[in-house]
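Geometric and topological summary
This is what each chain is made of:
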Amino acid sequence: MSMLETRPSWEAYFMEITALVAKRSTCRRRAVGAIIVKDKRVLATGYNGAPSNIRHCSEVGCLREKLNVPSGQKHELCRGIHAEQNAIIQAAYHGVAIKGSVLFCTNLPCAICAKMIINAGIQKIYYQDGYADDISQEMIAEAGIELIKCNHS
């Protein structure tokens, strides 16, 4: 098999990077990674976990776990910030324009992240796994953002 035959597509390449980013997660329930790409260049990355200089759930425990809160509900009870939010914030923090970009994420964004993605001007989302939030898909579709379930690992 030649090198060209084993070379990953751009989508597979960026999804693999996204999976690596997710390994930095400090969430006890789900490790999520996100990257923002434009013109085949990574602009920002994010993973889910507590804000900078705040103790992580891996250290102090998970309130949502203790209260048995189902996935996709009562996000306000979490110390962590979602991977997509972190990627958008990192871009803003470093002055990187993301309008017209593409988001690669290990999971379908939740409704809160979907609103941020829409207002940030992201045009396309690739994701691997679903998420328990039907409203997010409705808003993404209404905003005209292309949503692609990616089977690359």
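The structure under discussion appears in the preceding block.
One structure accompanies this document, and this report is about it. Because the structure is predicted, anything quoted here is derived from the model rather than measured.

The rules we used
- Residues numbered from 1 in each chain as written.
- Predicted model: local features only at pLDDT ≥ 70, side-chain atom pairs only at ≥ 80, totals over all residues.
- Heavy atoms only, no water.
- 1 Å grid on protein atoms, 1.4 Å probe; cavity = no way out; pocket = protein on both sides within 12 Å on 5 of 7 lines; lining within 4 Å.
- Points joined across faces, edges and corners; volume = space filled by probe spheres on them.
- Nonpolar A, V, L, I, M, F, W, Y, C, P; charged D, E, K, R; others polar.
- Helix = DSSP H or I, 4+ residues; strand = E, 2+ residues; numbered from the N terminus.
- Contact = heavy atoms within 4.5 Å.
- Buried < 20%, exposed > 50% of the residue type's maximum accessible area, 1.4 Å probe, protein only.
- Pairing = 2+ DSSP bridges.

**Notes on the layout of surface pockets**
- Its boundaries defined by the atoms lining it, the largest pocket holds a volume of some 360 Å³.
- As for the largest pocket, its lining consists of 25 residues, and the residues nearest its centre are C27, R30, N48, H82 and Y131.
- Along the lines of polarity and charge, the residues of the lining of the largest pocket split into eleven nonpolar, nine polar and five charged.
- Estimated volume of the second largest pocket: approximately 280 Å³.
- Lining the second largest pocket we find 16 residues, and of these Y47, A50, S52, N86 and Q90 sit closest to its centre.
- Residue assignment for the lining of the second largest pocket shows that the elements contributing at least two residues are β2 (41-47) and α5 (83-93).
- Across the lining of the second largest pocket, the residue classes tally to seven nonpolar, nine polar and no charged.

**Re the side chain of Q85**
- Tracing the sequence through the fold places Q85 in helix α5.
- In contact with Q85, not counting residues within four places along its chain, are I112, C113 and M116.

**Topic: the environment of Y13**
- Relative to the elements of secondary structure, Y13 occurs in helix α2 (residues 10-22).
- We classify Y13 as partly exposed; its relative accessible area is 39%.
- Spatially, the C-alpha atom of Y13 lies 21 Å from that of N86, the residues being 73 residues apart in sequence.

**As for the pairing of β2**
- Strand direction decides the pairing type here: strand β1 (residues 33-38) and β2, joined by six bridges, are antiparallel. Opposite A34, over in β2, you have G46 as the bridge partner.
- Here β1 folds back onto β2 in antiparallel fashion, the turn holding two residues, of which D39 has a positive phi close to 55°.

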